[in-house]
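As a plain string of letters, each chain reads:
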Amino acid sequence: MSNTTFTWRRVAAMGAVAALSFGALTACSSERGDSGSTGDASADGGAASADPGDVLVGIAMPTKSLERWNRDGAHLEELLKDDGFSTSLQYADNKVDQQISQVENMINDGADILVVASIDGTALAPVLQTAADAGITVIAYDRLINGTDNVDYYATFDNYGVGQMQGEFIVDQLDLENTTETYNLEPFAGSPDDNNAKFFFAGAWDVLQPYVESGTLVVPSGKAPASDDDWQSIGIQGWSSDTAQSEMENRLNSFYSGGEKVDVVLSPNDSLALGIAQALAGAGYTPGDGYPILTGQDADKANVLNMLAGKQAMTVWKDTRTLGDQVATMVSEIAAGQEVTVNDTESYDNGNKVVPTYLLPPQVITPDTVNVLVDSGFYTAADLGL
Ligand code: GAL
């Protein structure tokens, strides 16, 4: 869907906000309606105000230390300000307690709508009860918030699809369906407290595990989860590049010291892939023949440069600008008391409810298709040394 479409939809919603009588009070209610699939903001305590400037949107982002969240926060804040909303953008340095305090402060500052990219999706239930009591509408941003009725909407990319793309890329590159060879695989998973990481791993493992069971893929480290549910056993806390590098170094030193080579590494995102590539370089792997297939996600600049240098085979690009556009549209619809646009009312059960969701499509980028990132304006050619 083009940005123009997003713009016009937001303009329509903003028009509705402006058209509301100035006597329109916040259409909040302490009784949280079932926002369900109707996505009817007026039913779930959404803020409806005569003037966007009267609507304060709290934006809680996890950290600045991972590249993508800086883009996410800046873009969404810009869109909301352009639409006339007041905003409070906070980053929590990947500290759960800090994020909870920031959300509490946003509530105390009178936020009408909260957009939260959670650090730990299981830790926010208490503070979101406070938000619900204040009639605040909550949008989970990119990462689902679990264990609470008090999350009204979710906007993200197809997280299971991200993993599937990584798994299918490996199958295609090694021709696993037809090969008579065996290949050494080292799988990684994301942060154990990130609900997305469960979906990323499941999408990839559902593709790859049959080849592990048939013996076509061998995991010399033994770190092959028995099932999707066992993904946290290979999780990397906080998505840390350094932790991923140390883990890969340990595996290389412990299980590849006799001359065996790694053929493929399943990395769920680029921050892990960056550390893994460092470990591979330290063990003497050089780009070219014999260098492992290394996957990633987010099209972080350092990783795209690594792809162009032959140190990473692919990344799954999620154009976070479109996620920001979609959330800005949802905010405008909530503020206008309009029905909130969603396209998935079945997939994301947070343990308390199925959260109405807008899913966006991810896209595989390889060294041969890096131009897509430049043509879309996500990077300039100069950014990538092209
Ligand atoms: C996930 C996000 C990914 C990944 C990771 C680290 O929740 O969906 O894009 O980069 O966090 O931020």
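Residues numbered from 1 in each chain as written. Predicted model: local features only at pLDDT ≥ 70, side-chain atom pairs only at ≥ 80, totals over all residues. Heavy atoms only, no water.

### A closer look at the side chain of T87
Then, number 1: Secondary-structure assignment places T87 in strand β2 (residues 86-91).
Then, number 2: The residues contacting T87, other than those within four sequence positions of it, are L56, V57, I59, E77, L80 and K81. (Helix = DSSP H or I, 4+ residues; strand = E, 2+ residues; numbered from the N terminus. Contact = heavy atoms within 4.5 Å.)

### A few points about the environment of K198
Then, number 1: Assignment of secondary structure puts K198 in helix α6 (residues 195-214).
Then, number 2: With 30 residues separating them in the primary sequence, K198 and D228 have C-alpha atoms 7.6 Å apart.

### Looking at the site of the ligand
Then, number 1: W69, D142, R143, D194 and D298 are the nearest of the 13 residues found near the ligand.
Then, number 2: Separating an oxygen atom of the ligand from a side-chain N or O atom of W69 is a distance of 2.8 Å.
Then, number 3: N196 places a side-chain nitrogen or oxygen 3.0 Å from an oxygen atom of the ligand.
Then, number 4: For the ligand, the protein covers 100% of the area, taking 300 Å² as the surface of the free molecule.
Then, number 5: Elements represented by at least two residues in the shell around the ligand include exactly α2 (67-82) and α6.
Then, number 6: Taken together, the residues of the shell around the ligand sort by class into four nonpolar, three polar and six charged.
Then, number 7: For the shell around the ligand, the domains that each give at least three residues are domain 1 (3-151 + 319-361) and domain 2 (159-318 + 366-374). (Near = heavy atom within 4 Å. Polar contact = N/O pair within 3.5 Å; in protein donor to acceptor, adjacent residues only side chain to side chain. Areas by Shrake-Rupley, 256 points an atom, 1.4 Å probe, with all protein chains shown as cover. Nonpolar A, V, L, I, M, F, W, Y, C, P; charged D, E, K, R; others polar. Domains from an automatic or database assignment.)

### Considerations on the pattern of salt bridges
Then, number 1: Tallied over the entire structure, the rule returns 12 salt bridges.
Then, number 2: Here R68 ties to D142 by a salt bridge, and the two come within 3.2 Å at their closest N and O atoms. You can see R68 sitting in helix α2 and its partner D142 sitting in the loop between β4 (137-141) and β5 (153-157), a full 74 residues away along the chain.
Then, number 3: The exposure class of D142 is buried, given its relative accessible area of 2%. (Salt bridge = Lys/Arg side-chain N within 4 Å of Asp/Glu carboxyl O. Buried < 20%, exposed > 50% of the residue type's maximum accessible area, 1.4 Å probe, protein only.)

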